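Here is what each chain is made of, one letter per residue.
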Amino acid sequence: MKLLVTGGAGYIGSVCAARLLEAGNEVAVLDDLSTGHRDAVPDEAEFIEGDVAEQADAVLSRGFDGVLHFAAKSLVGESMQDPGKYWHGNVLTSVRLLDAMRTHGTPRLVFSSTAATYGEPEQVPITEDAPTRPTNTYGATKLAIDHAITSYAKAHGLAATSLRYFNVAGAFDRFGERHVTETHLIPLVLQVALGQREHVQIFGDDYPTSDGTCVRDYIHVTDLAEAHLLAVAAAKPGTHGIFNLGNGTGFSVRQVIDACREITGHDIPAKLAERRGGDPAVLVASSAAAQRELGWQPKHPDLATMVGDAWTFVAGRAGN
Ligand code: UDP
């Protein structure tokens, strides 16, 4: 298939673009490089530098079989301080993309949605029919896009799938996580091991979990990419499938830090800090629907593989 990957210079977009190419697809990447990196775009992909809202129409007029839409603003804290950036950058941009797809008859869409659409869960593991009550603007914008996709799919016959990611980790080949503003736990912990940071902070240890720290569901980025390949192939016209993607197993902040100590051989000092606002105690996905309907099965559910692959990636870049 001929596929457009928006945000293909970012972490998850670049891994998916690489896997789509390996699977024999033709890939064009559209990315404005606001947070992505030009050298993260796979060599075999065509690269178009530009804003999705501005370029989608011209690019899709060339004729594509589908779009994988990763391009987004994704910092929770920033979304609370500068919501306009998220409503414009995520929602308005995505609606422009949907309009361009409609104009040019692009039949398939796979959208990067998020566990943040659910907010504080009433029950774990979280299933797709759980209430969607996002606790931050980032999650609210992703949920709004999901609603827009549902209505475009119904009205205009789009074959759409939203994949709601939980905590993505690991790396694939030369593609990995390298945000300029890093807020995620595993990369921050690995920065301590690299000597780029003195210690890691643990945001609260008085949560109702086994060791008092927050529990999250980590998924290997290559397992996530596999779900995208399956979703592109399985999409049905006029329907919008929504699937959670996680391991179904949670790991606490302390377990993650311990795994990083083991893999890196560094002692990684950790200091207790205040709770971070808006953090639910436990976020664990039920991926039963993705397994049943997409035939998806995570192949690297163990934390050691995820941390090990992330470590190989960051240590390699740092020249260790
Ligand atoms: N966390 C932490 N210290 C950090 C960064 C994150 O204790 O320096 C915690 C955070 O409170 C959450 C978990 O690690 O419970 C995962 O956070 P991350 O930002 O990686 O992902 P999120 O679950 O927010 O999407």
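See the structure printed just above.
Residues numbered from 1 in each chain as written. Predicted model: local features only at pLDDT ≥ 70, side-chain atom pairs only at ≥ 80, totals over all residues. Heavy atoms only, no water.

Engineer: Sorry if this is basic, but what is going on with the overall build of the protein here?
Structural biologist: Of the regular secondary structure elements, the protein holds 10 helices and 14 strands. Computed over its C-alpha atoms, the radius of gyration of the protein comes to 19 Å, within 12% of the 20 Å expected for a compact globule of 320 residues. Projecting the C-alpha coordinates of the protein onto the three principal axes gives extents of approximately 55 × 45 × 40 Å. When burial is assessed residue by residue, the protein has 54% of its 320 residues classed as buried. A separation threshold of at least 6 residues defines the contact pool for the protein, and within that pool the share at least 24 residues apart is 79%. In the structure as shown, the protein presents an accessible area of about 13700 Å², 49% of it carried by carbon and sulfur atoms. Computed over 26 positive and 39 negative side-chain charges, the inter-centroid distance for the protein is 3 Å. (Helix = DSSP H or I, 4+ residues; strand = E, 2+ residues; numbered from the N terminus. Rg over C-alpha atoms; globule rule 2.2 N^0.38 Å. Buried < 20%, exposed > 50% of the residue type's maximum accessible area, 1.4 Å probe, protein only. Contact = heavy atoms within 4.5 Å. Areas by Shrake-Rupley, 256 points an atom, 1.4 Å probe, with all protein chains shown as cover. Lys, Arg positive; Asp, Glu negative; His and termini not counted. Charge placed at Lys NZ, Arg CZ, Asp CG, Glu CD.)

Engineer: Would you take a moment to explain the sheet that holds strand β9 (residues 215-216) for this structure?
Structural biologist: Whenever strands of a sheet pair, they do so through backbone hydrogen bonds, lying parallel or antiparallel. On the basis of which strands lie adjacent, the open sheet formed by three strands has the order β12-β9-β14 and mixed pairing. The open sheet terminates on both sides in strands that have one partner only, identified here as β12 (251-252) and β14 (282-283). (Pairing = 2+ DSSP bridges.)

Engineer: Just to check I follow, could you spell out empty space enclosed by the protein for this structure?
Structural biologist: One way to see where empty space is left: roll a probe the size of a water molecule over the atoms. Tallied over the entire structure, the rule returns one cavity of 30 Å³ or more. By volume, the largest cavity amounts to about 40 Å³. A breakdown of the residues in the lining of the largest cavity according to their chemical character gives five nonpolar, no polar and two charged. (1 Å grid on protein atoms, 1.4 Å probe; cavity = no way out; pocket = protein on both sides within 12 Å on 5 of 7 lines; lining within 4 Å. Points joined across faces, edges and corners; volume = space filled by probe spheres on them. Nonpolar A, V, L, I, M, F, W, Y, C, P; charged D, E, K, R; others polar.)

Engineer: Would you explain the layout of surface pockets in this entry?
Structural biologist: Here the second largest pocket is characterised by a volume of approximately 220 Å³. As for the second largest pocket, its lining consists of 14 residues, and the residues nearest its centre are E177, R178, Q191, Q196 and V314. For the lining of the second largest pocket, the secondary structure elements donating two or more residues are α6 (185-193) and α10 (303-318). Broken down by element, the lining of the second largest pocket gets its largest block of residues, four residues, from α10.

Engineer: I'm lost on the nonpolar core in this one. Help?
Structural biologist: As a rule of thumb, soluble globular proteins bury nonpolar side chains together. I12, L163 and L245 are the most contacted members of the largest nonpolar core, which totals 38 residues. Counting residues per element, the ones that place at least two in this core are β1 (2-6), α1 (11-22), β2 (26-31), β6 (159-165), α7 (221-234), β11 (240-245) and α9 (288-294). Here the element with the most residues in this core is α1; it accounts for eight residues. Once residues within four sequence positions are removed from consideration, L245 is found in contact with L163, R164, Y165, F166, I219, L224, A227, A285, S287, A290 and W296. One finds L185, L194, V256 and V307 within the second-largest nonpolar core, a separate group that totals 30 residues. (Core = buried A, V, L, I, M, F, W, Y, C linked by side-chain atoms within 4.5 Å.)

Engineer: Teacher, can you tell me more about the site of the ligand here?
Structural biologist: Around the ligand, 14 residues are found, and the nearest of them are L185, Q201, R216, R276 and D279. Interatomic distance of 2.9 Å between a side-chain N/O atom of N167 and an oxygen atom of the ligand. F203 places a polar main-chain atom, nitrogen or oxygen, 3.0 Å from an oxygen atom of the ligand. The fraction of the free accessible surface of the ligand (510 Å²) that becomes covered by protein chains is 87%. (Near = heavy atom within 4 Å. Polar contact = N/O pair within 3.5 Å; in protein donor to acceptor, adjacent residues only side chain to side chain.)

Engineer: Can you help me understand the packing of aromatic side chains in this one?
Structural biologist: Here a ring pair, both rings aromatic, is described through the centre-centre distance and the interplanar angle of the planes. Counted according to the given criterion, the structure contains zero aromatic pairs. Positioned above the aromatic ring of F64, the side-chain terminus of K2 is 4.8 Å from the ring centre. R164 extends its terminal NZ or CZ atom over the ring of Y118, reaching a point 5.0 Å from the ring centre. (Phe/Tyr/Trp six-rings, centres within 6.5 Å; stacked < 30°, edge-to-face > 60°. Lys NZ or Arg CZ within 6 Å of the ring centre and 35° of its normal.)

Engineer: So what exactly am I meant to see when it comes to the pattern of salt bridges here?
Structural biologist: Side chains that differ in charge, positive against negative, can pair when their charged atoms come close. Enumeration over the complete set of coordinates arrives at 14 salt bridges. Residue R216 is joined to D279 by a salt bridge in which the shortest nitrogen-to-oxygen separation is 3.4 Å. Placement of R216 in strand β9 and of D279 in the loop between β13 (270-273) and β14 is noted, with a sequence separation of 63 residues between them. The pair formed by R216 and D279 is uniform in burial state, with each residue classed as buried. Among the charged side chains, a salt-bridge network with shared partners connects R19, E22 and E226. (Salt bridge = Lys/Arg side-chain N within 4 Å of Asp/Glu carboxyl O.)

The quantities given are spatial measurements derived from coordinates; they are silent on function.
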